[in-house]
Amino acid sequence: MAQFKFRCSECGGVFSEDPKLLVCPECCKHQVQGGSIRGVLEVEILDGPTCWPDEPLGSPDFLQQALPLGDPNHLAPLPIGNTPLLDVPRLRRELEMPRLWLKDDSRNPSGSTKDRASLLVAAKAAEYGFETIATASTGNAATALAAVCAASGQRAIVLVPAGAPPAKLTQMLAYGAEVVPIDGSYDDAFELCRHACAEFGWYNRNTALNPFTLEGKKTLALEIARQLGSETPDAVIVPTGDGVILGGVAKGFSDLVDWGLINRVPRLIAVQPEGASSLISALADGAEDVTTVPGAASVADSLVVKAPRNARLALRRIRQSGGGGITVSDDAIIAAIGRLARLTGVFAEPAAAASLAGLETALEAGLAGRDERVVLLITGTGLKDRDAAARSVTMPSAICPELGHVAERLGLVR
Ligand SMILES: [Zn+2]
């Protein structure tokens, strides 16, 4: 097992592993109800790997070196991670970006990046002896936890807004999670889950609050670096809600620098929808925390948060990397779903397509260059939100089953 400590991302305080420790005991005294998490802890691996392994990065042996994982036997038996980095030649030509890649994380078992966090959290819960794991979620984190717990035999309780896309609700129920729809927002579910875990003794997977959510997502960066070899990307475009995928990606690249396996962290470019863009506003204002957005809303449900829970750390990581942030409209997100699917064969949910919509704006704003090495993160599959995807296409009417009607419909000369 990799030896590790927790380090507070705010005050720098160092703490030993403790199953009850989720956030810095000092900084959490400044916690504001409904605000970003104060005292987010990062894992500090003390003796990480010093060379790339021969085996795949998702193999238990490597994960045990790179993650704070006691016993790899606690990992759920699901093929999480090791997703492809796609060359996308047609999208490259259209955007005149010869060194553009897609990291297609929609290929994870439950269809989203959240599987990575749930895998590590569930393994730590088993290690600590918790029988029940709970989480609040906009949909994907709950589905990921449900899938992982289905494979491992652990109990999953998930609190989600009742208005989450039906496909996500159906998926988590099918996996056998105990689903508690909340007549409220994701932010309401987050606070309720905190109280419920304290009251009932469940292990809390709430994103950002549980330090292993950040740590689990860092495997995205390890894989990108390994897949690109010596070509460390210049920029990575990250769809951003709570800021935990962004924080995890930053942590992964930062660990690789510490381990001597790459020489720099790429510029991290956060993309948020216009209707939930508090992190981007804070970046523009030079603020170290966000101002909450009442009534946050977007077609990209996975990114709709009033107060990004990992805001303070995400803002610092973006600035340290020399990156930035951009907002995209819902119309641009919908258009990007169709464009991405047509030109790459990758069908993304709205939040994931936001990265392509954001790339266009990033190019215009000078945050990324067409000749740079740029990676777009595709964080979830389009099958999770069929209604949103349907807005990107026109459904044709049915024809009589006759050849003449086929020719007429397709404009063919006979
Ligand atoms: Zn602290």
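Thresholds applied
- In every chain, residue numbers begin from 1 and rise along the written sequence.
- Local features are withheld for residues below a pLDDT of 70 in this predicted model, meaning they are given only at 70 or higher, and side-chain atom pairs are given and counted only at 80 or more; totals for whole chains, interfaces and linings count all residues.
- To get the side-chain values, all heavy atoms of the structure are used, and hydrogens and water are removed first.
- Excluding water, the donors of a metal are its N, O and S neighbours within 2.8 Å, or within 3.2 Å for Na, K and Ca, and that exclusion means sites may look incomplete.
- Under this scheme a four-donor centre is tetrahedral when all angles range from 85 to 135 degrees, a four-donor centre is square planar and a six-donor centre octahedral when opposite donors are above 155 degrees with the rest from 65 to 115, and any other centre is irregular.
- Secondary structure follows DSSP: runs of H or I at least 4 residues long count as helices, runs of E at least 2 residues long count as strands, and numbering of each begins at the N terminus.
- Relative accessibility under 20% of the residue-type maximum defines a buried residue, over 50% an exposed one, and the middle range a partly exposed one, all with a 1.4 Å probe and only protein chains included.
- A pair of aromatic rings is counted whenever rings of Phe, Tyr or Trp (Trp by its six-membered ring) have centres within 6.5 Å, and the orientation is called stacked for planes under 30 degrees apart, edge-to-face for over 60 and tilted otherwise.
- Placement of a positive charge over a ring is assigned whenever Lys NZ or Arg CZ falls within 6 Å of the ring centre and within 35 degrees of the normal to the ring plane.
- Candidate patch residues must exceed 30% relative accessible area and have no salt bridge, after which like charges are joined if within 9 Å and Val, Leu, Ile, Met, Phe, Trp or Tyr side chains if within 5 Å.
- In this description, accessible areas are obtained by the Shrake-Rupley approach with a 1.4 Å probe, and a residue is regarded as covered only by the protein chains that are shown.
- The term salt bridge refers to a pairing of a side-chain nitrogen on Lys or Arg with a carboxyl oxygen on Asp or Glu at a separation within 4 Å.
- For crossovers, right-handed means that the path from the first strand over the helix to the second runs clockwise, given strands pointing away from the viewer.
- Between any two strands, at least two bridges found by DSSP are needed for them to pair.

Take the coordination of the zinc ion next. Note on the zinc ion: its protein donors are Cys8 (SG), Cys11 (SG), Cys24 (SG) and Cys27 (SG). The metal-donor distances range over 2.3 Å. Around the zinc ion sit four donor atoms; with metal-centred angles ranging over 106 to 114 degrees, the donor geometry is tetrahedral. Each donor residue of the zinc ion belongs to the same chain, with the gaps between them written as C-x2-C-x12-C-x2-C. Of this pair, Cys11 sits in the loop between β1 (4-8) and β2 (14-15) while Cys24 sits in the loop between β2 and β3 (41-45), and the two are 13 residues apart along the sequence. With a relative accessible area of 45%, Cys11 lands in the partly exposed category. The class of Cys24 is buried, set by a relative accessible area of 0%.

With that settled, consider the packing of aromatic side chains. Using the criterion set out here, one finds seven aromatic pairs in the structure. Seen from their ring centres, Phe6 and Phe212 are 5.8 Å apart, and the 55 degrees between their planes marks the pair as tilted. You can see Phe6 sitting in strand β1 and its partner Phe212 sitting in helix α7 (residues 211-217), a full 206 residues away along the chain. Note on Phe212: relative accessible area 2%, which makes it buried. Here Arg92 stacks its cationic end above the ring of Trp101, 5.2 Å away from the centre of that ring. Here Arg309 stacks its cationic end above the ring of Phe190, 4.2 Å away from the centre of that ring.

So, about a nonpolar patch on the surface. A cluster of nonpolar side chains, namely Ile399, Leu403, Val406, Leu410 and Leu412, defines an oily patch on the protein surface of about 470 Å² accessible area. Mapped onto the elements of the fold, Leu412 is located in the segment after α15 (403-410).

Burial of strand β10 (residues 235-239) is extensive: five of the five residues sit out of reach of the surface. Going residue by residue along β10, you find Ala235, Ile237 and Pro239 tucked away on one face and Val236 and Val238 tucked away on the opposite face as well. Since β10 and strand β11 (residues 267-273) lie parallel, the crossover through helix α9 (residues 244-258) that links them has a hand, and here it is right-handed. As judged from the three bridges shared by β10 and strand β13 (residues 374-378), these two strands associate in the parallel manner. Across the sheet, residue Ile237 finds its bridge partner in β13, namely Leu376.

If you check the backbone angles, Val88 has positive phi at about 45 degrees while not being a glycine. With respect to the helices and strands, Val88 occurs in the loop between β4 (85-86) and α2 (89-95). The class of Val88 is buried, set by a relative accessible area of 6%. Phi is positive for Ala208, which is not a glycine, with a value near 80 degrees. Under the relative-accessibility criterion, Ala208 is labelled buried at 2%.

Taken in spatial order, the three strands line up as β2-β1-β3 in an open sheet, and their pairing is antiparallel. Both edges of this open sheet fall to β2 and β3, since each of them pairs with a single strand only. Strand direction decides the pairing type here: β1 and β2, joined by two bridges, are antiparallel. For Arg7, the partnering residue across the bridge sits in β2 and is Val14.

All quantities given are derived from atomic positions and should not be read as evidence of function.
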